[in-house]
Amino acid sequence: MAGTEAVVRALLDVAGRTYAREAGIRPGDTPQPLYRTLVLACLLSARIQASIAVATSRALYDAGLRDPRRMADATWQHRVDALGQGGYRRYDERTATQLGDGARLLLDSWGGDLRRVRGEADGDVSEVKKRLRRVPGLGPTGVDIFLREVQDVWPEYAPYLDAKALQGAERLGLPSEVSALARAAGDTGTGVLAAALVRAALDSSVAEECLRRAKGAG
């Protein structure tokens with residue numbers, strides 16, 4: 001059995017990218033990337049392939065729906081069409097409504113700036129979750145996804161490895177202790193590690209390739 005560090009290194013080589021990066025979102029504690037990551041979290045939390053959610057995030061951006069004001073001002077049909085362009089057809093009508101309602105909530109409650117949510121929570125994970133849960137379409141799973149993805153720019157919530165990430169750790173034979181996993185990731189960032197673990201949880205071929213590489217490196 002390969003050691004923890006060898007498996008984590010292999011995992012990061014194979015799957016070390018956040019879903020936000022895959023969607024073309026540059027990480028940063030600024031309004032637009034935070035909002036786009038929130039929308040991506042909403043999309044990923046549905047029972048749909050992650051690749052479709054990522055493609056749909058890009059399609060929304062290409063359609064000009066990149067911030068709460070533009071999302072709120074867009075027609076419902078414009079949102080539906082953009083979701084369909086990304087392949088998000090099973091939930092497009094409901095999601096189009098939720099995106100519009102969520103954008104208006106963000107504008108009315110926090111001036112469209114999720115950094116205000118961060119400031120109100122003041123590092124308390126239960127408080128930030130409570131505020132994020134107000135966003136239509138962002139249930140507990142979506143909140144977990146958002147915090148997983150932004151933890152490298154909101155480090156007060158790191159390391160944030162939710163149940164899905166820990167499923168990936170179990171599949172790889174890694175320890176379940178969050179601190180041990182974070183140490184093994186080194187300077188890479190636990191946001192990248194969390195996303196890689198989720199990929200291993202969702203796709204057995206990712207886990208198999210990581211274990212093969214780790215064994216070969218040993």
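Residues numbered from 1 in each chain as written. Predicted model: local features only at pLDDT ≥ 70, side-chain atom pairs only at ≥ 80, totals over all residues. Heavy atoms only, no water.

(A) Region of the structure containing the nonpolar core. Counting 76 residues, the largest nonpolar core has Leu 11, Leu 132, Phe 146, Leu 147, Leu 172 and Leu 197 as its most contacted members. Take this core: its biggest share by element is nine residues, from helix H3 (residues 31-44). (Core = buried A, V, L, I, M, F, W, Y, C linked by side-chain atoms within 4.5 Å. Buried < 20%, exposed > 50% of the residue type's maximum accessible area, 1.4 Å probe, protein only. Helix = DSSP H or I, 4+ residues; strand = E, 2+ residues; numbered from the N terminus.)

(B) Looking closely at unusual backbone geometry. The omega torsion across Ala 158 and Pro 159 is -5°, close enough to zero to call that bond cis. The phi angle at Asp 122 is positive, at roughly 55°, despite the residue not being glycine. Relative to the helices and strands, Asp 122 resides in the loop between helix H8 (115-121) and helix H9 (125-132). With relative accessibility at 68%, the residue Asp 122 sits in the exposed group.

(C) A look at the pattern of salt bridges. Under the criterion given, the structure shown has 15 salt bridges. Asp 101 is the salt-bridge partner of Arg 104, the closest N and O atoms lying 3.1 Å from each other. Note that Arg 104 and Asp 101 are positioned in helix H7 (residues 92-110) at a spacing of three residues, about one turn of the helix. Assessed through its relative accessible area of 35%, Asp 101 is described here as partly exposed. Residue Arg 213 pairs with Glu 209 through a salt bridge whose shortest N-O separation is 2.8 Å. Taken together, the positions of Arg 213 and Glu 209, both in helix H14 (residues 204-217) and four residues apart, correspond to about one turn of that helix. (Salt bridge = Lys/Arg side-chain N within 4 Å of Asp/Glu carboxyl O.)

(D) Structural detail: H3. Between the first and last C-alpha of H3 there are 20 Å, a value that for 14 residues agrees with the 20 Å anticipated at 1.5 Å per step. With twelve of 14 residues buried, H3 lies mostly within the body of the structure. Of the residues making up H3, those classed as buried are Pro 33, Leu 34, Tyr 35, Arg 36, Thr 37, Leu 38, Val 39, Leu 40, Ala 41, Cys 42, Leu 43 and Leu 44. (Expected span 1.5 Å × (residues − 1).)

(E) Summary view of the environment of His 78. Position of His 78 among the secondary structure elements: in helix H6 (residues 76-85). In this view, His 78 contacts Ala 63 and Leu 65; residues no more than four positions away in its chain are not counted. (Contact = heavy atoms within 4.5 Å.)

(F) Examining H7 more closely. A rise of 1.5 Å per residue sets the reference length of H7, with its 19 residues, at 27 Å; its end C-alpha atoms lie 26 Å apart and thus fit the reference within 8%. Among all positions of H7, only Asp 92, Thr 95, Ala 96, Leu 99, Gly 100, Gly 102, Ala 103, Leu 105, Leu 106, Leu 107 and Trp 110 are buried. Among the structural elements, H3, helix H4 (50-62), helix H5 (68-73), H6, H8 and H9 are those in contact with the buried residues of H7. Among the residues trailing H7, Gly 111 stands out with phi positive, at a value near 60°.

(G) Representation of the packing of aromatic side chains within the structure. Across all of its chains, the model carries three aromatic pairs by this definition. Taking 6.2 Å as the distance between ring centres and 50° as the angle between the ring planes, the aromatic pair formed by Tyr 88 and Tyr 91 counts as tilted. The same class applies to Tyr 88 and to Tyr 91, which are both buried. Pairing Phe 146 with Trp 154 gives two aromatic rings, centres 5.6 Å apart and planes at 80°, and the pair type is edge-to-face. Residue Trp 154 is classed as buried on the basis of its relative accessible area of 0%. For Arg 66, the ring lying beneath its charged end belongs to Tyr 61, and the centroid distance is 4.0 Å. The cationic tip of Arg 199 hangs over the ring face of Tyr 19; the distance from NZ or CZ to the ring centre is 4.1 Å. (Phe/Tyr/Trp six-rings, centres within 6.5 Å; stacked < 30°, edge-to-face > 60°. Lys NZ or Arg CZ within 6 Å of the ring centre and 35° of its normal.)

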